[in-house]
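This is what each chain is made of:
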Amino acid sequence: MGLREFLRRLFDFLAPRLCCICQTRLDAHENSVCEDCLRNLPYTMYHTKALNNPLARLFWKRINIERATALFFYYPRSEAANIIYDMKYHGGRDIGYDMGRYSALWLEKHHFFEGIDCIIPVPLSRKRLRKRGYNQSEDIAEGLSSVTHLPILTDVVRRVTFHESQTHLSHFQRQENLKDAFQLRHPEKITDKHILVVDDVITSGATVCACASVLEKAGEVKISVFALGFTQD
Ligand SMILES: [Zn+2]
């Protein structure tokens, strides 16, 4: 047994890690979600048709989209929702990383990363970042990068608008707010590049579109999209 494995088992013994879905104790080789729960996630399988699927179609004619996929379908109060909830609100830094890594192992087999130059996680506003302490999309990106070795760029786009809860706003107001929510800072770093934009959950695709539109200002940019969850309307 190596030192790393020994320490892992020691920590597991002292403070057992639990599956974030069923709360049973994780085995040493399991990360964040147990094997049983992983097996039962409502996978989209969109990576097998990454050019044309309901998520990719959300972006057609809006941005220069290449491929798009999400790991699983996300609906509030579903079992899979625990993953997102713990990741965002319970400081589950490992969850984003582990799920990103797990996703990348699958996607790689289907050549999803072919031709992609870098990863850009959808940024949070400074205010939100301060409150939460971390950007969960960045954690997912780190997990993806641990498998693909693609560089993560966090200084190319910034989220600028005051990002209060938007639940009280109309659909139209939300769209208008989003339009100015992102600012391009180092266009020279992404000109001519194929970028993987990473978000935690995608519903209408409006946030990713707003972010990608700004990236496209750098010129000759191709966009692919990955999210953990997809809420299909
Ligand atoms: Zn479980």
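Residues numbered from 1 in each chain as written. Predicted model: local features only at pLDDT ≥ 70, side-chain atom pairs only at ≥ 80, totals over all residues. Heavy atoms only, no water.

(A) Local environment of the environment of glycine 92. Topologically, glycine 92 is positioned in the loop between helix H4 (81-89) and helix H5 (93-109). In sequence terms glycine 92 and serine 103 are 11 residues apart; their C-alpha atoms lie 17 Å from each other. In contact with glycine 92, other than residues within four places in its own chain, are Asp86, Met87 and Tyr134. (Helix = DSSP H or I, 4+ residues; strand = E, 2+ residues; numbered from the N terminus. Contact = heavy atoms within 4.5 Å.)

(B) Main features of the coordination of the zinc ion. At the metal site, the zinc ion is ligated by Cys19 (SG), Cys22 (SG), Cys34 (SG) and Cys37 (SG), and these contacts range over 2.3 Å. Angles of 103 to 117 degrees at the metal separate the 4 donor atoms of the zinc ion, which places the site in the tetrahedral class. (Donors = N, O, S within 2.8 Å, 3.2 Å for Na, K, Ca; no water. Tetrahedral: all angles 85-135°; square planar, octahedral: opposite > 155°, others 65-115°.)

(C) Quick peek at the domain arrangement of the chain. What the domain assignment reports for the chain is domain 1 (1-40) and domain 2 (41-230). Of note, the centres of domain 1 and domain 2, computed from C-alpha atoms alone, are 27 Å apart. Domain 1 puts 9 residues into the contact, and the matching count from domain 2 is 12 residues. Summed over both partners, the interface of domain 1 with domain 2 comes to about 840 Å²; 61% of that surface belongs to carbon and sulfur atoms. Across the contact surface, domain 1 and domain 2 share 0 salt bridges. Where domain 1 packs against domain 2, one counts 4 residue pairs in polar contact (both at pLDDT 80 or more). Across the side of domain 1 that touches domain 2, the residue classes tally to 5 nonpolar, 3 polar and 1 charged. (Domains from an automatic or database assignment. Buried area = accessible area lost by both parts, 1.4 Å probe. Salt bridge = Lys/Arg side-chain N within 4 Å of Asp/Glu carboxyl O. Polar contact = N/O pair within 3.5 Å; in protein donor to acceptor, adjacent residues only side chain to side chain. Nonpolar A, V, L, I, M, F, W, Y, C, P; charged D, E, K, R; others polar.)

(D) Representation of the nonpolar core within the structure. The biggest cluster of nonpolar side chains holds 37 residues, and the ones touching the most others in it are Phe72 and Met99. Contributing elements (two or more residues each) for this core: helix H2 (35-39), strand E1 (65-73), H4, H5, helix H7 (136-148), strand E5 (194-202) and strand E6 (222-230). Among the domains, domain 1 (1-40) and domain 2 (41-230) are the pair contributing at least three residues each to this core. Excluding residues that lie within four positions of it along the chain, methionine 99 makes contacts with Val33, Leu38, Leu41, Leu71, Phe72, Ile83 and Leu228. Ala68, Ile195, Val197 and Ala206 belong to the second-largest nonpolar core, a separate cluster that totals 36 residues. (Core = buried A, V, L, I, M, F, W, Y, C linked by side-chain atoms within 4.5 Å. Buried < 20%, exposed > 50% of the residue type's maximum accessible area, 1.4 Å probe, protein only.)

(E) Geometry of the packing of H5 against H7. At a minimum axis distance of 6 Å, the contact between H5 and H7 shows a crossing angle of 40 degrees. In terms of orientation, H5 lies oblique with respect to H7. Judged by the twist between their axes, the crossing of H5 over H7 is right-handed. Only Asp139, Ile140, Glu142, Gly143, Leu144, Ser146, Val147 and Thr148 of H7 make contact with H5, whose side of the interface consists of Arg93, Gly96, Tyr97, Gly100, Arg101, Ser103, Ala104, Leu105 and Glu108. For the contact of H5 with H7, the residue count by class is 6 nonpolar, 6 polar and 5 charged. (Axes fitted to C-alpha atoms, helices over the stretch in contact; angles between N-to-C directions. Parallel < 35°, antiparallel > 145°, perpendicular 65-115°, else oblique. Left-handed = near helix turned anticlockwise from the far one by under 90°.)

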